[in-house]
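In case you want the letters, here they are:
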Amino acid sequence: MHSMSNDRAQLYDRPPIVEAVIEIRFSTAIAENRRKKARDWLANKYAASSIEQQAEVKVHFSSKSADFKNLGPTFTLSSSDQTDGCAINAASIVWVRRAPYEGWEQFKSRFATEMPQALKALGDPNVERIGLRYVNRIDVKIENNEARYEDFLNFRIEHGDLLEPTTSYQWYLTKEFLDINLKTIVQSASVQPEIPGYGAFSFDIDVFCDSKVPSKADEILTKVEEMRDLKNKIFEAGITDEARKQYS
Amino acid sequence: MQPLPIFEPSGVTMPERVQPISASMTASSIRALQMYSFRSEGGGPFQDYLVAQPRAEKVIEEQLFDALAEAKIWTSRVAMHLDSETRKRLFRQLDVLHNAEDWDQRDKTVNLESYQSLVRAIIHHSIDCRPSLALMPSGNLLAQWRDGNDKLTVEFVPGNRLRWLVQSHTEEGPERASGTSPLERLRTVLAPYGAERWFDGR
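Being a predicted model, the structure only gives us computed values, none of them experimental.

1. Quick notes on the packing of helix α2 (residues 84-97) of chain B against helix α3 (residues 112-124) of chain B
Residues and elements named next belong to chain B.
And then number 1: Contact geometry of α2 with α3 gives a least axis separation of 12 Å together with a crossing angle of 155°. Of the possible angle classes, the one that applies to α2 and α3 is roughly antiparallel. Relative to α3, the crossing made by α2 is right-handed. From α2, T86, L90, F91 and L94 reach across to α3, where they touch Y115, L118, V119 and I122.
And then number 2: Taken together, the residues that form the contact of α2 with α3 break down as 7 nonpolar, 1 polar and no charged.

Put into structure tokens, the structure is as follows:
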């Protein structure tokens, strides 16, 4: 079952992935000069580079005031078509692939090439959390004034006939896989439609490791592969054959 | 089952990139990409927002980059409905239209809602023929299809509406027809002028 789901996942010609993210989060803040060094090393691999100031605002509702704390710059790198990206801030480094998703091998290859050098430039910091998130968007044709998302998603809220048909939904669940030391956040919701005549639903899978987290590059890569296996299992369990047909 | 009204043109469009739909969703990996984090008094998650630096403070190159990035990132939401060549061509055209060297400070960058209307029309009407594009002073996109000496020009207006103009040549002389329509009716309103000659077949 395990290998079948992985093989099957690679067969999709039109996967519904809108955004894939790999994040490495650090236990202590990375100094700005280290972040700049990582950005400089990565810069020639991306077409564009930008800097955004990051801030944390603490709102005091009782006194109607707010504290503004400057967290320093986030260095963002992106391909000219905005499909590939990398962002470095004080707390984490993130690799992003947006649709069209070309497959795990391409995404992993970029990550595997850039991550070891980036971590070195950041001073080989202690890693607090590794996350792999895939945001899928399920577009469902509206027929007879209904978008039957249940024809595409196996995971859903069973609320009985009383609340049928619903006008919107949202669910969120977490689970810990103790045997493989991974956790997941899976969520789905009705979202803003983009295509005339279609309803839209998110199916969002975030797999992460936040205990006994590896800090060495090769161990991180192995862990990310394990995460991807679990992500694929969750995705395959969550979608129907009807959905598979649409994406193949 | 979930009933949904047929697609309603709306002036309101979601911010770009797939955004968390609730505060709880921000616990995921994507959080690191968000620029500003708002926290409640107790320190727990309150709500996260993407806050753009005000346009006026940005130089031309940054404004052009932001406008292009916004359009391209939005495209990722519908990329699975676009063939690769159409998507690449649209991006090339957007890049050309926003060339910094030719840019006049008075020009407006592409209106995202106008771009969305164009892409939605391409997907909804299965438009195979790729138009030439121009940018209007308002930031709306103007698309033009040609069939010999005949031309179809469409301005994509925010809110999934469009203004169209057909210029054709008949044996009796030149003919012009124009109108304003909802995006979904484009093929229907152009049927008398042969919509398929503009849209079908590359």
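Back to the text.
2. Some details on the sheet that holds strand β6 (residues 161-170) of chain B
All names here are of chain B.
And then number 1: Taken in spatial order, the 5 strands of this open sheet run β3-β4-β5-β6-β7, and their pairing is antiparallel. Both outer strands of the open sheet, β3 (132-135) and β7 (173-182), are each paired with one neighbouring strand and no more. Here the strands of the sheet are splayed against their neighbours by 20° on average, with no regard to which way each runs.
And then number 2: Pairing geometry for β6 and β7, over 10 bridges, is antiparallel. The partner of L165 across the bridge, within β7, is S178.

3. What about the nonpolar core?
Generally speaking, nonpolar side chains in soluble globular proteins are found buried as a group.
And then number 1: Formed by 56 residues in total, the largest nonpolar core has its most connected members in I24, I93, W95, F203 and I220 of chain A.
And then number 2: Residue contacts for I93 of chain A: discarding those within four places in its chain leaves I22, E23, I24, F26, L42, C86, A87, I88, A118 and L122 of chain A.
And then number 3: In this structure, I195 of chain A together with W74, I127 and L152 of chain B belong to the second largest nonpolar core, which totals 38 residues.

4. Remarks on the packing of helix α2 (residues 32-43) of chain A against helix α3 (residues 104-121) of chain A
If you want to describe how two helices pack, look at the angle between their axes and the distance between the axes.
Residues and elements named next belong to chain A.
And then number 1: Remark: α2 packs on α3, axes separated minimally by 8 Å, with the N-to-C direction vectors making an angle of 150°. As judged from the angle between their axes, α2 and α3 are roughly antiparallel. For the element pair α2 and α3, the recorded crossing hand is right-handed. Here α2 contributes R34, K37, A38, W41 and L42 to the contact with α3, which in turn contributes T113, E114, Q117, A118, K120 and A121.
And then number 2: Of the residues assigned to the contact of α2 with α3, the class counts are 5 nonpolar, 2 polar and 4 charged.

5. Details of the pairing of strand β5 (residues 92-98) of chain A
Residues and elements named next belong to chain A.
And then number 1: With 7 of 7 residues buried, β5 is to be regarded as a mostly interior element.
And then number 2: One ladder, built from 7 bridges, connects strand β1 (residues 17-26) with β5; its direction is antiparallel. Residue pairing across strands places E23 opposite V94, the latter belonging to β5.
And then number 3: When strand β4 (residues 84-88) meets β5, the two strands line up antiparallel, connected through 5 bridges.

6. Section: α3 of chain B
All names here are of chain B.
And then number 1: A rise of 1.5 Å per residue sets the reference length of α3, with its 13 residues, at 18 Å; its end C-alpha atoms lie 18 Å apart and thus fit the reference within 8%.
And then number 2: In terms of burial, α3 is largely enclosed, as 12 of its 13 residues are buried.
And then number 3: Against the buried residues of α3 lie α1 (60-75), α2, β3, β4 (141-147), β5 (150-157) and β6.
And then number 4: Where α3 starts, the residue carrying a side-chain oxygen 2.9 Å from the main-chain nitrogen of E113 turns out to be N111.

7. Focus on the confidence of the model for chain B
Residue and element names in this part refer to chain B.
And then number 1: On average, residues of chain B score 77 in pLDDT, and 71% of them reach the 70 mark or higher.
And then number 2: Mean pLDDT across the secondary structure elements of chain B bottoms out at strand β1 (residues 36-39), with 38, and peaks at α3, with 96.
And then number 3: In this model, residues 4-55 is a region of pLDDT below 50 whose contacts with residues beyond four sequence positions or in other chains number 144 contacts.
And then number 4: Note on the complex model: pTM 0.84, ipTM 0.85.

8. Details of the pairing of strand β3 (residues 65-78) of chain A
All names here are of chain A.
And then number 1: Examined bridge by bridge, strand β2 (residues 48-60) and β3 share 13 bridges and lie antiparallel to one another. Counterpart to K58 in the pairing with β3 is D67.
And then number 2: Here β2 hands over to β3 after 4 residues, with K64 in that stretch at a positive phi of 50°.
And then number 3: Relative to β4, β3 runs antiparallel, the two being bridged by 4 bridges. What sits directly across from L77, in β4, is C86.
And then number 4: The turn joining β3 and β4, which pair antiparallel and follow one another in sequence, is formed by 5 residues; a positive phi near 65° is taken by Q82.

Cut-off values and rules
Residues numbered from 1 in each chain as written. Chains lettered and ligands numbered in written order. Predicted model: local features only at pLDDT ≥ 70, side-chain atom pairs only at ≥ 80, totals over all residues. Heavy atoms only, no water. Axes fitted to C-alpha atoms, helices over the stretch in contact; angles between N-to-C directions. Helix = DSSP H or I, 4+ residues; strand = E, 2+ residues; numbered from the N terminus. Parallel < 35°, antiparallel > 145°, perpendicular 65-115°, else oblique. Left-handed = near helix turned anticlockwise from the far one by under 90°. Contact = heavy atoms within 4.5 Å. Nonpolar A, V, L, I, M, F, W, Y, C, P; charged D, E, K, R; others polar. Pairing = 2+ DSSP bridges. Core = buried A, V, L, I, M, F, W, Y, C linked by side-chain atoms within 4.5 Å. Buried < 20%, exposed > 50% of the residue type's maximum accessible area, 1.4 Å probe, protein only. Expected span 1.5 Å × (residues − 1). Polar contact = N/O pair within 3.5 Å; in protein donor to acceptor, adjacent residues only side chain to side chain. pLDDT = per-residue confidence, 0-100.

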